[in-house]
Protein chains: 4
Amino acid sequence: MPCDSSFSIPSASPTRYGSLHDECGLFGIWQHPEAIALTTLGLHAVQHRGQEGAGIVGLKGRAFYVHRAPGLVGDVLSAERNTLVDKGITSAIGHVRYSTAGGKDVQNLQPFVGETRYGPLAVAHNGNLTNSAQLRKMFLDKGRTFQSDSDTEVILHAIALSNADTLADAIRDALVKIRGAYSLLVMSRDEVFAIRDPHGMRPLVLGEMDDNLLAGRLVAASETCALDIIGARYLRDIKPGEMVRISHDGLQTMTLGPSKPERFCIFEYIYFMHPHSVFGGRTVAAVREQIGAMLCRESAISADAVVPVPDSGVHAAVGYAQAAQIPFKQSIVRSHYVGRTFIEPADKIRHLGVKLKLSVNRAAVKDKRIILVDDSIVRGTTMPKIVDIVRRFGAREVHVRISSPPFMNPCFYGIDTPSRDDLVAANHDVETIRKKIGADSLAFISIDGLYRALGAPGRDVAGRSYCDACFTGEYPISLAGEENTAKAS
Amino acid sequence: MPCDSSFSIPSASPTRYGSLHDECGLFGIWQHPEAIALTTLGLHAVQHRGQEGAGIVGLKGRAFYVHRAPGLVGDVLSAERNTLVDKGITSAIGHVRYSTAGGKDVQNLQPFVGETRYGPLAVAHNGNLTNSAQLRKMFLDKGRTFQSDSDTEVILHAIALSNADTLADAIRDALVKIRGAYSLLVMSRDEVFAIRDPHGMRPLVLGEMDDNLLAGRLVAASETCALDIIGARYLRDIKPGEMVRISHDGLQTMTLGPSKPERFCIFEYIYFMHPHSVFGGRTVAAVREQIGAMLCRESAISADAVVPVPDSGVHAAVGYAQAAQIPFKQSIVRSHYVGRTFIEPADKIRHLGVKLKLSVNRAAVKDKRIILVDDSIVRGTTMPKIVDIVRRFGAREVHVRISSPPFMNPCFYGIDTPSRDDLVAANHDVETIRKKIGADSLAFISIDGLYRALGAPGRDVAGRSYCDACFTGEYPISLAGEENTAKAS
Amino acid sequence: MPCDSSFSIPSASPTRYGSLHDECGLFGIWQHPEAIALTTLGLHAVQHRGQEGAGIVGLKGRAFYVHRAPGLVGDVLSAERNTLVDKGITSAIGHVRYSTAGGKDVQNLQPFVGETRYGPLAVAHNGNLTNSAQLRKMFLDKGRTFQSDSDTEVILHAIALSNADTLADAIRDALVKIRGAYSLLVMSRDEVFAIRDPHGMRPLVLGEMDDNLLAGRLVAASETCALDIIGARYLRDIKPGEMVRISHDGLQTMTLGPSKPERFCIFEYIYFMHPHSVFGGRTVAAVREQIGAMLCRESAISADAVVPVPDSGVHAAVGYAQAAQIPFKQSIVRSHYVGRTFIEPADKIRHLGVKLKLSVNRAAVKDKRIILVDDSIVRGTTMPKIVDIVRRFGAREVHVRISSPPFMNPCFYGIDTPSRDDLVAANHDVETIRKKIGADSLAFISIDGLYRALGAPGRDVAGRSYCDACFTGEYPISLAGEENTAKAS
Amino acid sequence: MPCDSSFSIPSASPTRYGSLHDECGLFGIWQHPEAIALTTLGLHAVQHRGQEGAGIVGLKGRAFYVHRAPGLVGDVLSAERNTLVDKGITSAIGHVRYSTAGGKDVQNLQPFVGETRYGPLAVAHNGNLTNSAQLRKMFLDKGRTFQSDSDTEVILHAIALSNADTLADAIRDALVKIRGAYSLLVMSRDEVFAIRDPHGMRPLVLGEMDDNLLAGRLVAASETCALDIIGARYLRDIKPGEMVRISHDGLQTMTLGPSKPERFCIFEYIYFMHPHSVFGGRTVAAVREQIGAMLCRESAISADAVVPVPDSGVHAAVGYAQAAQIPFKQSIVRSHYVGRTFIEPADKIRHLGVKLKLSVNRAAVKDKRIILVDDSIVRGTTMPKIVDIVRRFGAREVHVRISSPPFMNPCFYGIDTPSRDDLVAANHDVETIRKKIGADSLAFISIDGLYRALGAPGRDVAGRSYCDACFTGEYPISLAGEENTAKAS
């Protein structure tokens, strides 16, 4: 994902500064004396899923403790600032978030906490509801009051409203009313629930501690990289439509309702998940290498080096280079000091913004034919700068290869995308885009090629299990005029 | 009010560091282009009413903007940090708060904001409800969810629940259900309401701008000192049980229900209000001087100087000194640098904590008979240190005079007081307290003397208009087992 | 001293924000296990002498440790930031400073430290040299290099240059070359020297610890308020031209050279010293009361109240009120929250700056005849605002009384004063100044009256022991064209 | 360079956290209106050479302005904090530094500034003198005073002492007395000097601006990556023993004295310089690839993947992999969030420190034979952890290959190295080290191999132009008992 953000905006996250913003990351643990330390580390490991705020709700005895703030895990939950440290907390759920503009108010930080007839509940949510506006209006008309504009508060109200005897049943009652993509953690005084929506659009995995302290204690997280960092063993993915209850009774599994076709977000594999995470039986980095190799087979070209756009294009470029038998060269390096707000010299000194972020190995590109590999082109505003800088360092030819099909449709299921007007591929054909970015050639992987790289015979076959609406426009969950209200949470 | 807080706890407010914590301060303004600047200054002027958090909710067109944070007005709302600056906001309400332990979570900051069927509302509250626990339980049982433990959220739920056609009626519906002490500001997209409870326990005044910009624009504030700072003219006090609506239609006044006997908090005059504020037709400083004079008449003693305990005893000491014809001497001065966390020398260097906070003029106390005047003795832990330090600087005699009756009962109407077990006067007679504090003599003003200083013939007369429960135990609003849940908001 | 600084400039010190800036404050202690804690507290007590920077140099064994930074003692030397804590340091000297513009670079922070043939030395200086430019040029021509523009570095070079066998002799050699006002602390690995210049222009006192830990350990400080705070007993003032050596051998006293007439800065009594400090056998607060009484005798007028300009006029006002038999009223109070940078409303809301800093008791001034007492008028820019605000609150008459003679000449001995062009009394007669400030009457104490208040028969008598150049223009130490280079250190 | 620093120590620099600490980085520019912006960016580009402090001295007209502080360029010189912004400064020199323990006092920050008979001078130094202690003692004995313990102050004193007519001659006089490694920038009011010591041990290059603003203006920097970032054209290296003067007269070149054999630090190529920098006609990344290829030729072994230790082993690993025809895999990734101070779980959860810093792709190492490539083994404390973590993720075999010979001798020429006792290769043979790190095999490149990778026939030939004392113990500049005083500056 190339760098679009302007120079003076501090980039909270070194790795992610592109046009597509991540959604959110979750972590939860039940009954472990190191609950706060482990949750902090788990959130740190899924930091790439959301960099604008972090929070943990801890449970000690019957009491909830809350610590949430805008910022990175390393700031918000540092040893000095984390108010939950040394409180004897033994269970916790945590959340890192990306927020849409305007929603950065502290009221929108998660996990969301509210008292209900079921006692206090903490809710952490990754995804996006598609009928939250309707539900919200209905609740307001009934005399309720909302203190945030987040989907998560809608979920909490829906749970509180239920007349069910148990919290598990209340959650099921609530989720029946809710449409959209969600992976959820819900903590009460007695349990943690880990839930994926019936289509399974967002990831959520189960693990157990493998330490010398309390091996076997259960953990839930958005990705397996959060299990690795704390030394937990990966058990399995939560299934679409599954609700797992973790309590003193151990692990119980329930289903939300009638099963629906699986529609896991294919872009999680292309860009969002950590390369070392495992989901659906596949290691993300390996998937990306296969996509790169398939991309090469579809659009091979003669060149001197395959160069990834850092850091998003690395694994696809490795796969491309091996398939093409062309040397892989990391000739463009991100500065480790991006995001600083220096005074900039006058405009006449051109392209400084990109130069500050990217360091090019002049000897490695001068007079060379370069294949640049990246994961996607969204707005199309950064790639021209990268092509230009590579040319300015002397490249003879610059060919651009993209490891996803053209990105033509906004996401309403938890990824913050520009509107369709700002999606360059929704408004221009490939040749026009090529000219805009100034490349000698440009190719995207085909949608069938993408599916083949994932092990399927192609897209148009029975048993398809991914959401690819951003490429195809086929939205698996009805939107009901939701286009204007889509937001990540 | 003497200094009880331990040395290493930074005192947010230089003036107030005693055992009794203030409640809250309010400010609101309707339709003025400088709404945010004026609200900030107004809150700064009532900073003595609450130093733990500050917040403003602004209205621009139909949109609400919120800025709230823990800390002093000067930090939270400084020009650099105040996110409401330069937004074109034209109406606003603001709040400074003192919070009880455990309630410092940002969720409890005010003004409270929630969306309701009447649109978004902002609520700022000074006081304490006595039936909020019951209301809260009732609402929870009906499937509602609470995100804070503040009374103010209960008020908001009660308003949202109403079926009334207008917000004014909805507020009236809500307040019928509510018992306790409150001064309230409520802002909607169309108006600001300024409300005092039927007993009128907490202050709230009306003013109008007197500037060259937009003279006549209406302002509401806890005290007149907030009007002075912005150059507003003081119009009048809001009456007990009155609800004033400020809107494009100007000022409308309504009543909450059947009138009840006025019971304004007498301790507001003794300690809480700013000395320069005017309420009930009296300037606070003058009231305190009268109390000091009456105290002298009741318990005169021969001495060389009348010395106030800084800063709470100053005005009573002035009145005492004039009545006694004994020189008034400010021989004890507070350090302007209190609240710093230095390393302290070893315990063997005694009483350093108090020495750091108080600087004594040795020449003015050595071999002298000193009358120390303070406003109250609550826990009785600080006065012994002050008496001791005055003796260590050479005083021959130390007589303590207190400008309130013995403080024997906790407050349930908005002042954060220790429990009865920790109120020294609830558990000891005057002679025992004298010994504990090490004074040569000790006297409190009598309850009748206090009323006489306020212009009444004495307490036990018809038409009494104050709440004096802290001295007498006669609580004007029934408590219904509320003792354990009392808290300020 | 009235408030001249503009609203948006954070005032580091609540008490001192006038036209005359303090010089510096010193503290030193030899061989006490709490050396760092005690030095921090001692500096905190003399914080009023300099608020722009603070520093301590500690000695442990043979090693020097340095901690200096811009800011207040409470920030720079707070328990969290003070890097000297827990190092086992047993001797230390410290410094608080006021710096002239441009000299705020960290290089100018004190104590100054340099290695010399006598080992490392730390030097802390209060005063101003009058021949430092000549000495500096001479040293540069000899191939030396200077790393700051402070007088203190010149002193260090002069010491290092000496060929004397002992450091004591080297310091004497150096000070022979130096002209000007200075109180100095010099620490080597073996001793601390406490020195006053031959005229004794700046204060410096000796004390000894009176604690249960190590009673009798010697302490030097600018003022006795620093002894009070740490529980040290005041022994005596350092004499003009005296050099006291504190070491393992106890206390030794030496003289700098032939004695000169004492010329202690008379303005130290009027404004700079802490009211509770004792110097020259007098308590500062009592001196100020005597000056106020004398001022009353010279310029009595009928009025309803004597009101001090806070905080600088308090003691003189007390003395004036008692002599005049007019009630003393603190009807103007400084805000405890000055120095905050709020957004200000439009200019059309007048005089807000002063209103923010000063709160006036309307009832106490309305329709009253007020005598305002302050210590001095320097630029004459603040007093008009105070007179105006008092009138706007309804005063019938405003009479201004100043407890010093007209301030007509800049100081070259350690006080940062405006140039003569900016001294209102150097350019206007009393009647003109009265009109400028808008008072009904204005009077300054006479120079003879000032001396009488200090116990002398008048100024023009043998044995005068004060520098009063700021009032009389008689500079006791020749200036040699120094006017342009005068600066505080 | 593997990670040795403990978990709780915030790593200022994401890239460099190993046992060998960099020296310093320099940047200077003469007469360009964007001098401050360009110097800031240039320092940002050489941030890898020193992360503990940064500073700039600017010249405007005849006045020097100084801004220096501990911390990274992005903090110290950010737009908000950089006090030199908008001052109209047109020439500047800057410095980033690594400091040895104890020398972090602000007094040691560079550029060093002192006034001399030649006016004010600013000096920025990269290297280490070997006779500074002797010079310092000699200067002290002559009555001089030192305010820091840095070599740079010694250089400044030596310049100030000269009687030469011009500053150029004074610098030459001074450098005749000085032994050791240095690249220097010296700025006066009239010029900037760029100087390398006679052996040319540290890098320094010349460039000229290539912008639309003022093309042709001269720039000096430690490395060419600083030229790239500001769009300057690389002209040439400064030669050993060359002194370049940049002034209104353009560029003048002089020599320091009789020429000596070139001894450029060979470790600059192995580790210190930025991979994209060009020095001595070679791109650093390409040199490292050649070293990796040569290492492969010397110690080939059968394996499934070549994996670099991030980030120091990347280029050598690429070269190794290509020579070995084994896939290059970046299966170990550094966390982008290192340096945070979280609470750590109990010790029983093992090796967390390394896990937090390194993320391993489980699928890519499980059951595989891995060749780990790194640039050096210094203390030997980190490599065991990396080998262990790779094994814990399931590697079948772990072979370690090091792209430098065994590091056996401390550096006295500007690199901060552990003492010989802590250099694992100085005390153990390769087989012992292999056991300590737990590898299946271990190999270092030979010293001859290293020279051959650099294009020489081998080490033992005439014309050798590198210092390789850290590997061979042959120190090109005599040390005179300097071992104990070696430090970076």
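Just so we're clear, the structure is a prediction, and the values are computed from it rather than from any experiment.

1. Here we look at the environment of Ile437 of chain A
Residues and elements named next belong to chain A.
- Inspection of the secondary structure puts Ile437 in helix 14 (residues 430–437).
- Judged by its relative accessible area of 3%, Ile437 falls in the buried class.
- Taking the C-alpha atoms as reference, Ile437 lies 45 Å from Leu175; in sequence the two are 262 residues apart.
- For Ile437, the residues in contact, after removing those within four places along its chain, are Ile377, Met383, Pro384, Val387, Val400 and Leu442.

2. A word on the packing of aromatic side chains
- Counted according to the given criterion, the structure contains 54 aromatic pairs over all chains.
- Between Phe139 of chain B and Phe146 of chain B, the ring centres sit 6.4 Å apart and the planes meet at 10°, which makes this aromatic pair stacked. You'll find Phe139 of chain B and Phe146 of chain B in the same group, each marked buried.
- Pairing Phe264 of chain D with Tyr269 of chain D gives two aromatic rings, centres 5.6 Å apart and planes at 75°, and the pair type is edge-to-face.
- When its relative accessible area of 2% is taken as the criterion, Phe264 of chain D is described as buried.
- Feature note: the residues Phe264, Tyr269, Phe279, Tyr451 and Tyr466 of chain A constitute an aromatic cluster, connected by ring pairs.
- The residue whose ring lies beneath Arg144 of chain A is Phe139 of chain A, and the NZ or CZ to ring-centre distance is 5.9 Å.

3. Thoughts on the interface of chain B and chain A
- In this assembly, 24 residues from chain B lie in contact with 24 residues from chain A.
- Buried area between chain B and chain A, both sides added, is near 2,000 Å², and the carbon and sulfur share of it is 38%.
- The interface formed by chain B and chain A contains 2 salt bridges.
- For Glu115 of chain A, the salt bridge goes to Arg136 of chain B, with nearest N and O atoms at 2.7 Å.
- Summed over the shared surface of chain B and chain A, the result is 12 residue pairs in polar contact (both at pLDDT 80 or more).
- Among the residues forming the side of chain B that touches chain A, the class breakdown is 8 nonpolar, 7 polar and 9 charged.

4. So, the pattern of salt bridges
Residues and elements named next belong to chain A.
- Counted by the stated rule, this structure contains 86 salt bridges over all chains.
- A salt bridge links Arg172 to Asp169, with the nearest nitrogen and oxygen atoms 3.1 Å apart. One end of the pair, Arg172, and the other, Asp169, are both in helix 5 (residues 167–177), 3 residues apart, so they sit about a helical turn from each other.
- The salt bridge partner of Asp440 is Arg391, with a shortest N-O separation of 3.0 Å. Of the two residues, Asp440 sits in the loop between helix 14 and strand 22 (441–444) while Arg391 sits in helix 12 (residues 383–392), which places them 49 residues apart along the sequence.
- Looking at Asp440, the relative accessible area reads 36%, which means it is partly exposed.
- A single network of salt bridges, built from pairs that share partners, joins Arg49, Arg202, Glu223 and Glu268.

5. Some details on the sheet that holds strand 13 (residues 250–255) of chain B
All names here are of chain B.
- Sheet architecture is open: 6 strands sit in the order 5-6-7-8-12-13, paired in antiparallel fashion. Here the strands that pair on one side only, and so sit at the sheet edges, are strand 5 (112–116) and strand 13. Strand after strand, the sheet turns through a mean of 25° between neighbouring axes, direction not considered.
- One ladder, built from 6 bridges, connects strand 12 (residues 242–247) with strand 13; its direction is antiparallel. Bridging across to strand 13, Ile246 finds its partner in Leu251.
- Most of the contacts of helix 4 (residues 151–161) go to strand 6 (residues 119–129), to which it runs at about 130°, and overall it touches strand 5, strand 6 and strand 7 (180–187).
- Taken strand by strand, helix 5 (residues 167–177) contacts strand 6, strand 7, strand 8 (191–196), strand 12 and strand 13, and its axis lies near 25° from that of strand 8.

6. Looking at the relation of the copies chain B and chain A
- When chain B is fitted to chain A, the best match, at an RMSD of 0.1 Å, comes from turning it 179° and sliding it 0.1 Å along the axis. Seen this way, the second copy is the image of the first under a two-fold rotation axis.
- Comparing interface residues between copies, 100% of those in chain B also sit at the interface in chain A, which points to an isologous, same-surface contact.

7. Side note on the confidence of the model for chain A
All names here are of chain A.
- Here chain A averages 86 in pLDDT, and 87% of its residues register 70 or above.
- In this model, residues 1–19 is a region of pLDDT below 50 whose contacts with residues beyond four sequence positions or in other chains number 66 contacts.
- Scored by ipTM, the complex comes to 0.81, with pTM at 0.83.

8. What about the pairing of strand 4 (residues 91–97) of chain C?
Residue and element names in this part refer to chain C.
- Strand 4 sits mainly inside the fold: 7 of its 7 residues count as buried.
- Residues Ser91, Ile93, His95 and Arg97 of strand 4 are buried on one face, and the alternating residues Ala92, Gly94 and Val96, pointing to the opposite face, are buried as well.
- As paired elements, strand 1 (residues 24–29) and strand 4 share 6 bridges and run antiparallel to each other. Across the sheet, Gly28 pairs through a bridge with Ile93, a residue of strand 4.
- Where strand 2 (residues 53–60) meets strand 4, 7 bridges bridge the pair, whose relative direction is antiparallel. Pairing of Ile56 across the sheet is with Gly94, part of strand 4.

9. As for the sheet that holds strand 10 (residues 218–221) of chain C
All names here are of chain C.
- A sheet is described by the order of its strands in space; here 7 strands give the open sequence 3-2-4-1-10-9-11, paired in antiparallel fashion. Among the strands making up the open sheet, the edge pair consists of strand 3 (63–70) and strand 11 (232–237). Taking each pair of neighbouring strands and ignoring which way they run, the sheet shows an average axis angle of 15°.
- Bridge count for strand 1 against strand 10 is 3 bridges, and the pairing is antiparallel. Paired with Ile29 across the two strands is Val219, which belongs to strand 10.

10. Comments concerning unusual backbone geometry
- In the segment running from Gln110 of chain A into Pro111 of chain A, the intervening peptide bond is cis, with an omega of -5°.
- Here Pro111 of chain A is to be found in the loop between strand 4 (91–97) and strand 5 (112–116).
- Its identity as a non-glycine residue notwithstanding, Asp367 of chain A has a phi of 65°, on the positive side.
- One can find Asp367 of chain A in the loop between helix 11 (362–365) and strand 20 (369–374).
- Positive phi, normally seen in glycine, also occurs at Gln31 of chain C, with a value near 60°.
- Relative to the assigned elements, Gln31 of chain C resides in the loop between strand 1 and helix 1 (35–45).

11. Some words on helix 14 of chain A
All names here are of chain A.
- Residues of helix 14 that are buried: Ile433, Arg434 and Ile437. Taken end-on, helix 14 shows its buried residues confined to a sector of 105°, consistent with a single buried face.
- Residues of helix 14 that are buried in the fold lie against helix 12, strand 21 (397–402), helix 13 (424–427) and strand 22.
- Looking one or two residues past helix 14, Gly438 carries a phi angle of roughly 80°, positive in sign.

12. Looking at the pairing of strand 6 (residues 119–129) of chain C
All names here are of chain C.
- Most of strand 6 sits inside the fold, with 11 of its 11 residues counted as buried.
- Where strand 5 (residues 112–116) meets strand 6, 5 bridges bridge the pair, whose relative direction is antiparallel. The residue bridging Thr116 from the neighbouring strand is Gly119, located in strand 6.
- Linking two consecutive strands that pair antiparallel, namely strand 5 and strand 6, is a turn of 2 residues.
- One ladder, built from 8 bridges, connects strand 6 with strand 7 (residues 180–187); its direction is antiparallel. Considered in strand 7, the bridge of His125 is made with Leu184.

Calculation criteria
- Sequence positions are assigned chain by chain, starting from 1 and proceeding in written order.
- Naming scheme: in the order in which they are written, chains are lettered from A and ligands are numbered from 1.
- With the structure being a predicted model, the display of local features is reserved for residues of pLDDT at least 70 and the display and counting of side-chain atom pairs for 80 or more, all residues being used for whole-chain, interface and lining totals.
- Calculated side-chain values reflect all of the structure's heavy atoms, with hydrogen atoms and water omitted.
- Each helix corresponds to a stretch of at least 4 residues labelled H or I by DSSP, and each strand to a stretch of at least 2 residues labelled E; elements are numbered beginning at the N terminus.
- Here's how the labels work: a residue is buried when its accessible area is under 20% of the maximum for its type, exposed when over 50%, partly exposed in between, all with a 1.4 Å probe on protein chains only.
- In this description, contact between two residues means that some pair of their heavy atoms is separated by no more than 4.5 Å.
- Between the rings of Phe, Tyr and Trp (Trp by its six-membered ring), a pair exists once the centres lie within 6.5 Å; its type follows the angle of the planes, with under 30 degrees stacked, over 60 edge-to-face, and the other angles tilted.
- Note on geometry: a ring has a charge over it if NZ (lysine) or CZ (arginine) is within 6 Å of the ring centre and within 35 degrees of the ring normal.
- Note on terms: buried area is the combined drop in 1.4 Å-probe accessible area of two parts once they are placed together, counting the loss on both.
- A pairing counts as a salt bridge when a side-chain nitrogen of Lys or Arg comes within 4 Å of a carboxyl oxygen of Asp or Glu.
- Here a polar contact is taken to be a pair of N or O atoms separated by no more than 3.5 Å, where protein atoms must pair a possible hydrogen donor with a possible acceptor and residues adjacent in sequence count only if both atoms sit in side chains.
- Just so you know the grouping, Ala, Val, Leu, Ile, Met, Phe, Trp, Tyr, Cys and Pro go in nonpolar, Asp, Glu, Lys and Arg go in charged, and all remaining residues, Gly too, go in polar.
- A pair of strands is treated as paired once DSSP finds two or more bridges between them.
- Each axis is a line fitted through C-alpha atoms, taken for helices only over the stretch in contact, and angles between the N-to-C directions span 0 to 180 degrees.
- Copy-to-copy alignment: least squares on C-alpha atoms, limited to residues at pLDDT 70 or above in both.
- pLDDT expresses, on a scale from 0 to 100, how confident the predictor is about each individual residue.
- What the arc covers is the set of directions going from the helix axis to the C-beta atoms.

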